[in-house]
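The lines below spell out each chain.
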Amino acid sequence: MNHLKLALLLVAVGAGLLIQPVYAHGFGERYDLPVPLSYFMAGGATAVILSFVLIGSVAGGEARRFDYPRLNLLRYSWVRAALSRPALLPVKLMSVFLLGLVVATGLFGETRPVDNFAPTFIWVIWWVGVGFFVALLGNLWALINPWKILYGWAEAFNERVRPGRSMGLNWEYPPNLGVWPAVALFFAFAWAENAFGESADPRRLAAMAISYSAISLGGMYVFGKHQWLRHGEAFSVVFGFLSRFSISEVRVTEPEVCRDCEASCEGDGGRCVDCYECWEYAENRELNLRPLAVGLNNPGRVTGDVMAMVLLILATVTFDGFGATPEWLEVQNYFINLFPNLTYEALNGLTIANTLGLLGVPATLGGFYLSFAYLMHRMVGRRTGVAALAKAFVFSLIPIALAYNLAHFLSFLLIQGQLIIPLASDPFGAGWDLFGTADYVINIGVINARFVWFFSVAVIVAGHVIAVYLAHVQAMQLFSNRSLVIKSQLPMLGLMVLYTVVSLWIVSRPIVE
């Protein structure tokens with residue numbers, strides 16, 4: 001066992017020493033690191049390995065039920081008042097208004113992306129900003145989802161004019177379909193973001209928003225609101241997974257409500273966590289503060305489609321970063337030269353390269369993950385199947401995805417996100433100045449390359465350390481003794497060390513897109 005730990009350490013350090021320093025990711029300016037990049041990589045890998053040793057020594061290894069402290073915010077009257085229907089109505093109205101504004105500005109506003117509200121709002125404020133909020137603070141999307149709000153209003157109107165009669169078709173959702181519709185829609189979204197060269201074009205963004213609105217509202221009409229939100233609405237699924245890392249949760253303490261829930265969400269002691277169908281109908285509810293990341297150790301039943309979505313989330317943020325490196329630029333140039341006569345917007349050398357990359361990275365990551373799950377299967381004496389192990393530990397990868405997302409997008413949000421200030425005054429690019437901010441000039445000095453680099457190193461290492469801890473806790477619930485827990489985690493440690501090194505290398509590369 002000690003020899004294996006030493007071998008893993010040497011592999012990690014050796015991998016780091018093979019790579020030389022370049023630029024801090026996110027800036028055109030050069031930032032010279034105080035020590036070679038290989039030292040940062042070796043240090044990051046070593047930190048992950050030491051955390052494994054420390055966690056294994058302190059946390060023990062006996063099987064146990066995982067629990068954590070909680071503080072119910074609904075015990076405070078001001079929180080209940082803030083979450084009352086009258087107080088939330090302006091928030092919901094604003095969410096629906098913003099969806100309408102995205103469509104309107106996309107269709108009728110200035111065609112230059114930088115002068116139009118839709119591109120900045122969708123790609124910076126909503127996708128990056130709301131994503132950060134959901135992952136760190138709580139599932140805001142469950143509250144402000146405009147399609148959920150619109151359908152809920154339609155249901156209320158239908159109940160008023162047709163009491164007792166259902167609005168939708170309420171077809172039974174095929175159990176074997178799982179969240180595959182959400183996986184497919186999220187991949188389409190990732191393709192539009194990372195492969196389609198016209199993803200910032202306002203007209204095409206408006207078309208995508210209209211199309212997705214039709215799919216979402218149609219899915220809720222056919223299968224029911226909560227069924228589609230749980231299985232088909234891509235961002236409810238993605239943000240729901242990410243929010244398990246956050247410091248808050250909603251919890252229902254009425255077993256009879258959970259027994260009637262189509263999600264079969266009843267958990268320990270008759271309680272369910274983050275089931276918004278139960279939350280909507282229950283009277284005894286909790287809005288809890290909790291330690292960061294503990295929600296990832298309550299994944300419920302993990303199926304192959306759920307595992308595919310988690311791996312796709314991790315793979316897309318990885319490709320988003322790698323796709324901006326000089327190495328990927330060479331791949332793009334190769335395909336552009338290979339297909340010089342393909343000049344269509346959705347089909348050209350660039351989109352072919354990026355599409356292959358977007359397909360290849362999840363496939364490669366999935367292959368690596370299953371390979372390490374197979375090693376885990378061998379390490380525990382074949383007591384648990386490879387697929388079962390892969391599903392059991394997949395949610396421990398989410399902190400890695402979040403850490404890389406923070407490292408990759410922080411400067412993008414803080415600098416590019418400032419565009420929303422002038423665009424709020426002139427969303428159509430028509431020369432308006434509604435709030436007196438149309439002449440605002442972006443302050444690029446709000447963050448610098450040195451800070452971003454050290455922040456990226458710290459957050460990536462921290463994400464992997466948290467992942468090591470979560471995997472260890474999950475192993476304690478799966479295996480009966482300390483020896484099996486430690487053995488099961490050695491392959492996961494190797495995977496996380498490898499991903500630490502790769503992540504630090506990617507964020508060190510200059511952006512060339």
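Parameters and conventions
- Residues numbered from 1 in each chain as written.
- Predicted model: local features only at pLDDT ≥ 70, side-chain atom pairs only at ≥ 80, totals over all residues.
- Heavy atoms only, no water.
- Salt bridge = Lys/Arg side-chain N within 4 Å of Asp/Glu carboxyl O.
- Helix = DSSP H or I, 4+ residues; strand = E, 2+ residues; numbered from the N terminus.
- Buried < 20%, exposed > 50% of the residue type's maximum accessible area, 1.4 Å probe, protein only.
- 1 Å grid on protein atoms, 1.4 Å probe; cavity = no way out; pocket = protein on both sides within 12 Å on 5 of 7 lines; lining within 4 Å.
- Points joined across faces, edges and corners; volume = space filled by probe spheres on them.
- Nonpolar A, V, L, I, M, F, W, Y, C, P; charged D, E, K, R; others polar.
- Patch = residues over 30% accessible without salt bridge, like charges linked within 9 Å, V, L, I, M, F, W, Y side chains within 5 Å.
- Areas by Shrake-Rupley, 256 points an atom, 1.4 Å probe, with all protein chains shown as cover.
- Core = buried A, V, L, I, M, F, W, Y, C linked by side-chain atoms within 4.5 Å.
- Contact = heavy atoms within 4.5 Å.
- Pairing = 2+ DSSP bridges.

Chemist: Which parts of the structure should I look at to understand the pattern of salt bridges?
Modeler: Pairs can form between side chains of opposite charge once their charged atoms are near each other. Counted under the stated rule, the structure contains 10 salt bridges. Residue Arg204 is joined to Glu345 by a salt bridge in which the shortest nitrogen-to-oxygen separation is 2.4 Å. With a gap of 141 residues between them, Arg204 in helix H9 (residues 202–223) and Glu345 in the loop between helix H15 (326–338) and helix H16 (349–379) connect regions that are remote in the sequence. Its relative accessible area of 41% is what places Glu345 among the partly exposed residues. Of the charged contacts in the structure, one is a salt bridge between Glu249 and Arg251, with a shortest N-O distance of 3.0 Å.

Chemist: Explanation requested: empty space enclosed by the protein in the structure shown.
Modeler: A water-sized probe rolled over the atoms picks out the places where empty space is left. Throughout the structure, instances matching the rule amount to 4 cavities of 30 Å³ or more. Considering the residues around the largest cavity, the lining is formed by 19 residues, among which Trp127, Phe186, Ile313, Val317 and Asn405 are closest to the centre. Broken down by secondary-structure element, the contributors of at least two residues to the lining of the largest cavity are helix H5 (117–136), helix H8 (180–194), helix H11 (234–242), helix H14 (304–322) and helix H18 (398–416). With 5 residues, H8 is the largest single contributor of residues to the lining of the largest cavity. The class makeup of the residues in the lining of the largest cavity is 13 nonpolar, 4 polar and 2 charged. Estimates place the volume of the second largest cavity at around 50 Å³. In this structure, the second largest cavity is lined by Leu296, Asn297, Pro299, Ala392, Phe393, Phe395, Ser396, Leu470, Ala471 and Gln474. When residues of the lining of the second largest cavity are traced back to their parent elements, those giving at least two are helix H17 (386–393) and helix H20 (449–478).

Chemist: Even after reading the chapter, I still don't get a nonpolar patch on the surface, so can you show me in this structure?
Modeler: A cluster of nonpolar side chains, namely Leu71, Tyr76, Trp78 and Leu289, defines an oily patch on the protein surface of about 390 Å² accessible area. For Leu289, the position within the fold is in strand E4 (residues 285–289). Residue classification places Leu289 among the partly exposed positions, given a relative accessible area of 32%.

Chemist: Is there a simple way to think about the nonpolar core in this case?
Modeler: Soluble globular proteins tend to bury their nonpolar side chains together. The biggest cluster of nonpolar side chains holds 114 residues, and the ones touching the most others in it are Trp126, Tyr369 and Phe393. The element that contributes the greatest number of residues to this core is helix H21 (residues 482–508), accounting for 15 residues. Ignoring sequence-local partners within four residues, the contact set of Phe393 consists of Tyr369, Met376, Ala471, Gln474, Ala475, Leu478, Phe479, Gln489 and Met492.

Chemist: Would you explain H11 in this entry?
Modeler: Because an α-helix packs 3.6 residues into every turn, residues spaced three or four apart end up facing the same way. The element H11 is extensively covered by neighbouring structure, given that 9 of its 9 residues are classed as buried. Residues of H11 that are buried include every one of Ala234, Phe235, Ser236, Val237, Val238, Phe239, Gly240, Phe241 and Leu242, and no others.

Chemist: Would you take a moment to explain the pairing of strand E2 (residues 248–252) for this structure?
Modeler: On a regular strand, one side chain projects to one face of the sheet and the next to the other, so that they alternate. E2 sits mainly inside the fold: 5 of its 5 residues count as buried. Going residue by residue along E2, you find Ser248, Val250 and Val252 tucked away on one face and Glu249 and Arg251 tucked away on the opposite face as well. Bridge analysis of E2 against E4 gives 5 bridges, and the strand direction is antiparallel. If you follow Ser248 over to E4, its bridge partner there is Leu289. Where E2 lies against strand E3 (residues 272–273), 2 bridges are found, and the strand directions are antiparallel. The partner of Arg251 across the bridge, within E3, is Val273.

Chemist: Got a minute to help me understand the sheet that holds E4 in this structure?
Modeler: Backbone hydrogen bonds are what pair the strands of a sheet, in a parallel or an antiparallel way. Taken together, the 4 strands give an open sheet; going across it, the order is E1-E4-E2-E3, and neighbouring strands pair in antiparallel fashion. Pairing within the sheet leaves two strands with one partner each, and these edge strands are strand E1 (71–72) and E3.

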